[in-house]
Amino acid sequence: MELYRFPDNKPWKASFWAYLLVMLLLARDTLITTCLVGFYPSQLTVAGLVVALGLVFLIAKRRELPRILRDRRMLAFAIAAVLILLPMVCKLDPQLMYFSVLLCVFFGVFLTYFVTMKEVAKCYVVLMTALAAYSVFAVYIGRLPADRGAVELPTFINAGGRDFYNFGLSFVSIREVKYRNFGIFREPGVYQYFLILAMLLHNYVLTWDKQWKFWAVNVILVVTALTTFSTNGVLEAGLLVLVVFFDKKLYKDKKILISAIVLAILAVAGVTLIILRGGDLAFTLKQMFAKLYTLNRSSSARLDAIVADIGFFLRNP
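Residues numbered from 1 in each chain as written. Predicted model: local features only at pLDDT ≥ 70, side-chain atom pairs only at ≥ 80, totals over all residues. Heavy atoms only, no water.

### Remarks on the overall build of the protein chain
In plain terms, the rule: Put simply, DSSP marks the helices as runs of H or I at least four residues long and the strands as runs of E at least two long, and each gets a number from the N terminus on. To sort residues, take the accessible area from a 1.4 Å probe on protein chains only and compare it with the maximum for the residue type: under 20% means buried, over 50% means exposed, and anything in between is partly exposed. Residue contacts follow a heavy-atom distance rule, with two residues in contact if any of their heavy atoms lie within 4.5 Å. Just so you know, the count uses Lys and Arg for positive and Asp and Glu for negative, and it drops His and the chain ends. Lys charges are placed at NZ, Arg charges at CZ, Asp charges at CG and Glu charges at CD.
Helix and strand counts for the protein chain come out as 14 helices and three strands. Within the protein chain, the fraction of its 317 residues that count as buried is 36%. When contacts within the protein chain are restricted to residue pairs at least 6 apart in sequence, those whose partners lie at least 24 apart make up 64%. Taking the average location of the 34 positive side-chain charges in the protein chain and that of its 19 negative ones, the two points are 5 Å from each other.

Now the structure itself:
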């Protein structure tokens, strides 16, 4: 596919990264959207940003407009619009949900006009890694002075009545499940989806000029996924670690193999120590595993999902 690039300079790259950061912060599942800005203002802002970038693109590439309009990607726009808006028309149910889905598809296709998937992936992974490191700091270190009354941080309450410290680019639950990492998202179970996507892109799409960057990003993302204490998130992160370890044949490097064994031993020892000491952290850890054997509507859905996912994996590892 032909690329109609913007100027290849640092100001443009910095502006584009800032643009994608704002789009991420205003995603439907963030606490910024649901609590601080408001759902509809956030989504209208996102739609406005997409339209604004589209107009900038068309103005900047106005001389190439005939080729752009004849590009086969216009067919993708048309097909997506028919497939997504047709059910809305048939149901006589004009919900913004349909337009929201269509906007996401349009935005993804639109990006391919001027950037590659690898470039967007790198931006996303770097942004998520920075947000992840900051969220771990906020949950386990940044909150301590506020918990002890030494400083006063801004707070807010979500729709469920849970109060949070506002660290700007991370939100920390004050009383309930205070060791679970929400990041910028409405719940840790949502956060883990964004982290897993970053791990997949990092390990299977991106390449780095230095090996330490590869390992640093992996460590930050995996550790952050563990701090969500999301049952599925921890299982998915663990499975992905195993897949990468064997798929990339990392076990052939003795240093990596020994490091992996040591880390596994330390992890088991750490979990054992937390459980033996008890307290809120132990309770949070136990609750993560309890969902797998305490039968309720949520756990049944989780077990069904695990069985289905294992089946998919075994059929096509």
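### Comments concerning the packing of helix α9 (residues 188-204) against helix α10 (residues 211-227)
Which entries qualify depends on this criterion: Only the stretch in contact is used when a helix axis is fitted, and all axes are lines through C-alpha atoms; the angle between N-to-C directions ranges over 0 to 180 degrees. Roughly parallel covers angles under 35 degrees, roughly antiparallel covers those over 145, roughly perpendicular covers 65 to 115, and oblique covers all other angles. Rotating anticlockwise by less than a right angle from the far helix to the near helix defines a left-handed crossing, while the corresponding clockwise rotation defines a right-handed one.
Running from N to C, α9 and α10 point in directions that differ by 160 degrees, and their axes come no closer than 10 Å. The angle between the axes of α9 and α10 places the two elements in the roughly antiparallel class. Seen from above, α9 lies across α10 with left-handed handedness. Seen from α9, the contacting residues are Tyr191, Leu195, Ala198, Met199, His202 and Asn203; seen from α10, they are Lys213, Phe214, Val217, Asn218, Leu221, Val222, Thr224 and Ala225.

### Examining the layout of surface pockets
To keep it simple, the criterion reads: Here a cavity denotes a set of grid points, spaced 1 Å apart and computed over the protein atoms alone, in which a 1.4 Å probe fits but from which it cannot get out, and a pocket denotes an open set meeting protein on both sides within 12 Å along at least five of seven lines; residues with an atom within 4 Å of a point are reported as lining. Grid points are joined across faces, edges and corners, and a volume is the space filled by probe spheres set on the points. The classification used treats Ala, Val, Leu, Ile, Met, Phe, Trp, Tyr, Cys and Pro as nonpolar, Asp, Glu, Lys and Arg as charged, and all other residues, Gly among them, as polar.
In this structure, the largest pocket spans a volume of roughly 1600 Å³. Taken together, 41 residues line the largest pocket, and the ones lying closest to its centre are Val222, Leu226, Val241, Leu263 and Ala267. Of all the secondary structure elements, the ones that give two or more residues to the lining of the largest pocket are α9, α10, α11 (231-247), α12 (254-277) and α13 (280-293). It is α12 that provides the largest number of residues to the lining of the largest pocket, a total of 13 residues. Partitioning the lining of the largest pocket into residue classes produces 34 nonpolar, seven polar and no charged. Roughly 1200 Å³ of internal volume is contained in the second largest pocket. For the second largest pocket, the lining is made up of 35 residues, of which Met23, Ala27, Val46, Cys104 and Phe107 are closest to its centre. Put simply, the parts of the chain that give the lining of the second largest pocket at least two residues each are α1 (10-25), α3 (39-60), α6 (96-111), α7 (117-142) and α9. The leading source of residues in the lining of the second largest pocket is α6, at nine residues.

### Comments concerning a nonpolar patch on the surface
For clarity, the cut-off: Nonpolar side chains (Val, Leu, Ile, Met, Phe, Trp, Tyr) are joined into patches within 5 Å and like charges within 9 Å, using only residues with over 30% relative accessible area and no salt bridge. Using a 1.4 Å probe, accessible areas were evaluated by the Shrake-Rupley method; residue-level cover was limited to the displayed protein chains. Any Lys or Arg side-chain nitrogen found within 4 Å of a carboxyl oxygen on Asp or Glu counts as a salt bridge.
On the surface, Leu242, Phe246, Tyr251, Leu257, Ile261 and Ile265 cluster together into a nonpolar patch covering about 560 Å² of accessible area. If you list the elements that add at least two residues to the nonpolar patch, you get α11 and α12. Ranked by the residues each element gives to the nonpolar patch, the list is headed by α12, at three residues. Counting through the fold element by element, Leu242 comes out in helix α11.

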